[in-house]
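Spelled out from the first residue to the last, the chains are:
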Amino acid sequence: MAESHTPSLPSPLAREDATGLLAGRRILLGVTGGIAAYKACELVRLLRAEGARVQAVMTRAAREFLGPASLQALTGSPVYDDLWDARVADGMAHIALSRDADAIVVAPATADFLGKIANGLCDDLLSTLVLARRNARCALLLAPAMNVEMWTQPAVQRNVAQLRADGAQLLGPASGEQACGETGVGRMLEPAAILEEIIAAFQPKVLQGRRVLVTAGPTYEAIDPVRGITNRSSGKMGYAVARAAREAGATVTLVSGPTGRAAPHGVHRIDVRSAEEMRTAVLGAAGDTDVFVAVAAVADWRPEVAAPRKIKKAAGAPPPLALVANPDILAEVARLAEPPLCVGFAAETEDVIDHARAKLQAKRLAMVIANAAQDAIGADESELAIVDETRIRALPRAPKLEQARRIIAAIAERLAPPAA
Ligand SMILES: Cc1cc2nc3c(=O)[nH]c(=O)nc-3n(C[C@H](O)[C@H](O)[C@H](O)COP(=O)(O)O)c2cc1C
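Residues numbered from 1 in each chain as written. Predicted model: local features only at pLDDT ≥ 70, side-chain atom pairs only at ≥ 80, totals over all residues. Heavy atoms only, no water.

Here we look at the overall build of the protein
Scanning the protein for helices and strands turns up 15 helices and 19 strands. For the protein, the spread of C-alpha atoms along the three principal axes comes to 85 × 50 × 45 Å. The buried share of the protein, taken over its 420 residues, is 51%. Here the analysis covers contacts within the protein between residues at least 6 apart in sequence; of these, 68% occur between residues at least 24 apart. Summed over all atoms, the accessible surface of the protein reaches about 19,700 Å², with 52% contributed by carbon and sulfur. Across the protein, the mean location of the 47 positive side-chain charges is 2 Å away from that of the 47 negative side-chain charges. (Helix = DSSP H or I, 4+ residues; strand = E, 2+ residues; numbered from the N terminus. Buried < 20%, exposed > 50% of the residue type's maximum accessible area, 1.4 Å probe, protein only. Contact = heavy atoms within 4.5 Å. Areas by Shrake-Rupley, 256 points an atom, 1.4 Å probe, with all protein chains shown as cover. Lys, Arg positive; Asp, Glu negative; His and termini not counted. Charge placed at Lys NZ, Arg CZ, Asp CG, Glu CD.)

Comments concerning the sheet that holds strand 2 (residues 53–58)
If you trace the five strands from one edge of the open sheet to the other, you get 2-1-3-4-5, paired in parallel fashion. Of all strands in the sheet, those bounded by a partner on one side alone are strand 2 and strand 5 (169–170). Strands strand 1 (26–31), strand 2 and strand 3 (103–109) of the sheet are contacted by helix 1 (residues 39–49), whose axis makes an angle of about 175° with strand 1. (Pairing = 2+ DSSP bridges. Axes fitted to C-alpha atoms, helices over the stretch in contact; angles between N-to-C directions.)

So, the packing of aromatic side chains
Following the criterion strictly, the structure yields zero aromatic pairs and no others. Sitting above the plane of the tyrosine 239 ring, arginine 261 keeps its charged end 6.0 Å from the centroid. (Phe/Tyr/Trp six-rings, centres within 6.5 Å; stacked < 30°, edge-to-face > 60°. Lys NZ or Arg CZ within 6 Å of the ring centre and 35° of its normal.)

Observations regarding the pairing of strand 4 (residues 139–144)
Along strand 4, five of the six residues are buried, which leaves the element largely enclosed by surrounding structure. The pairing of strand 3 with strand 4 spans five bridges and is parallel. Each residue of the ladder has a partner; that of valine 105, found in strand 4, is leucine 141. Bridging between strand 4 and strand 5 involves two bridges; their strand directions are parallel. Within the sheet, the bridge partner assigned to leucine 141 lies in strand 5 and is glutamine 169.

Examining the domain arrangement of the protein
Per the domain assignment, the segments making up the protein are domain 1 (26–201) and domain 2 (211–414). Centre-to-centre, using C-alpha coordinates, domain 1 lies 39 Å away from domain 2. At the junction of the two partners, domain 1 supplies six residues and domain 2 supplies six residues. A buried area of about 550 Å², summed over both sides, lies between domain 1 and domain 2, and 49% of it is on carbon and sulfur atoms. Linking domain 1 to domain 2 there are one salt bridge. Residue arginine 246 pairs with glutamate 197 through a salt bridge whose shortest N-O separation is 3.4 Å. Along the contact surface separating domain 1 from domain 2 lie three residue pairs in polar contact (both at pLDDT 80 or more). (Domains from an automatic or database assignment. Buried area = accessible area lost by both parts, 1.4 Å probe. Salt bridge = Lys/Arg side-chain N within 4 Å of Asp/Glu carboxyl O. Polar contact = N/O pair within 3.5 Å; in protein donor to acceptor, adjacent residues only side chain to side chain.)

Section: the nonpolar core
Ranked by size, the top nonpolar core spans 36 residues in total, and within it Leu207, Val212, Val214, Val241, Val293, Ile407 and Ile411 carry the most contacts. Of all the secondary structure elements, the ones that give two or more residues to this core are strand 8 (211–216), helix 10 (236–247), strand 11 (251–256), strand 13 (291–294), strand 16 (341–348), strand 17 (367–372), strand 18 (381–387) and helix 15 (400–414). For valine 241, the contacting residues outside a window of four places in its chain are Val214, Val293, Val295, Phe345, Ala404 and Ile408. In this structure, Val105, Met188, Ala193 and Ile198 belong to the second largest nonpolar core, which totals 34 residues. (Core = buried A, V, L, I, M, F, W, Y, C linked by side-chain atoms within 4.5 Å.)

Quick notes on the confidence of the model for the protein
Low-confidence regions, as indicated by low pLDDT, have predicted coordinates that should not be scrutinised in detail. Across the protein, pLDDT averages 91, with 95% of residues at or above 70. With pLDDT under 50 throughout, residues 1–7 is counted as low confidence; its partners more than four residues away or in other chains account for 23 contacts. (pLDDT = per-residue confidence, 0-100.)

Thoughts on the site of the ligand
Lining the immediate surroundings of the ligand are 14 residues, of which Gly33, Thr59, Thr110, Ala111 and Asp112 lie closest. Note that an oxygen atom of the ligand is positioned 2.7 Å from one of the side-chain N or O atoms of aspartate 112. When isolated, the ligand has an accessible area of 640 Å², and the protein chains bury 62% of it. Looking at which element gives the most residues to the shell around the ligand, the answer is helix 5 (residues 111–118), with three residues. For the shell around the ligand, the residue count by class is eight nonpolar, five polar and one charged. (Near = heavy atom within 4 Å. Nonpolar A, V, L, I, M, F, W, Y, C, P; charged D, E, K, R; others polar.)

Structure (structure tokens):
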């Protein structure tokens, strides 16, 4: 943790009672002179909603794009932009501000700014406090934003490579339409994605270098083109597991049934509908994965035939619905010649632990996460138990992302260290 506040600097509004994924974290947000500077306001709002305290520092050029009053109002703290600020009692804002931060996030980061800090230059407040930070205590996250031609210049790419080698984390940039009207790589990541990256930066990288495959959501088994069999799985838990694995440093593929949810940032999602489609996608990816976490609520049965046209409503008895069993995707992956570490979920309405144990043994899994179906489906929180051959670990009720992080920690414990 960083040291306590230097009394000579007014600190951002105290949020001792804050809750959220960044509660108690102190973020120094640097804003440099690019068009994307306006998005810094939204980023501050998101950071504060997650409980972070935010101190903004702008470059001179940033002030051409965004008035400091907006950032001051949103952070609840005066904005600093001057190395020679006479308001700071000891005259050393660059030391005080950098000591006070758990992370420095520069969004947007201009080509100019990246060049300066890649070379250890510090001719203004923001670059000086980046240089003055204590690396071990204060992560540096940079969200570049610039025209595609600027981004692809060898000089900029050299600077980016140097910054990565020096331990900075580059967030994006994304590809797409640019403010100048051109299209390509160089757009700043959206504030919501930057927020996810900041939250991830505080998580231990226990799955660094690992590949993780996750399934999530329900499947949908067609009866005819407009009707089908599905279930109430929301995908929340599976998406949380995918996010937690990514936070832990893994490369994550998420095979998702229809949920309508946005994929966690940085996770490769494959959308499927039926159990058969999910099976194909999973088997296509399973050979290349270290861990498989099967969270999806795969329909056990599907109609034997999906009618090619809508079945007409007719008087008399409803049409018969013959069902056949769907493939057991998890069992199939666990039976591969060189299976990944396999983790299942057991959502049952009664005898949850017994069912979890039976599943663990029948499918020869590394662990099964047991939960009460009626409590967990669609909810934001859950109460779980991790069941393996030797013990049962209860995970008391908590938000699903927190539960997912605990599951990821347990998985990391089971894995041998990755090959060098
Ligand atoms: C209208 C306008 C838009 C600009 N947009 C960007 C941009 O998106 N990214 C960038 O790297 N530079 C951009 N620049 C150039 C920077 O503002 C310029 O390099 C400045 O010196 C950056 O200063 P700073 O790094 O201290 O903030 C833009 C300049 C102008 C006039």
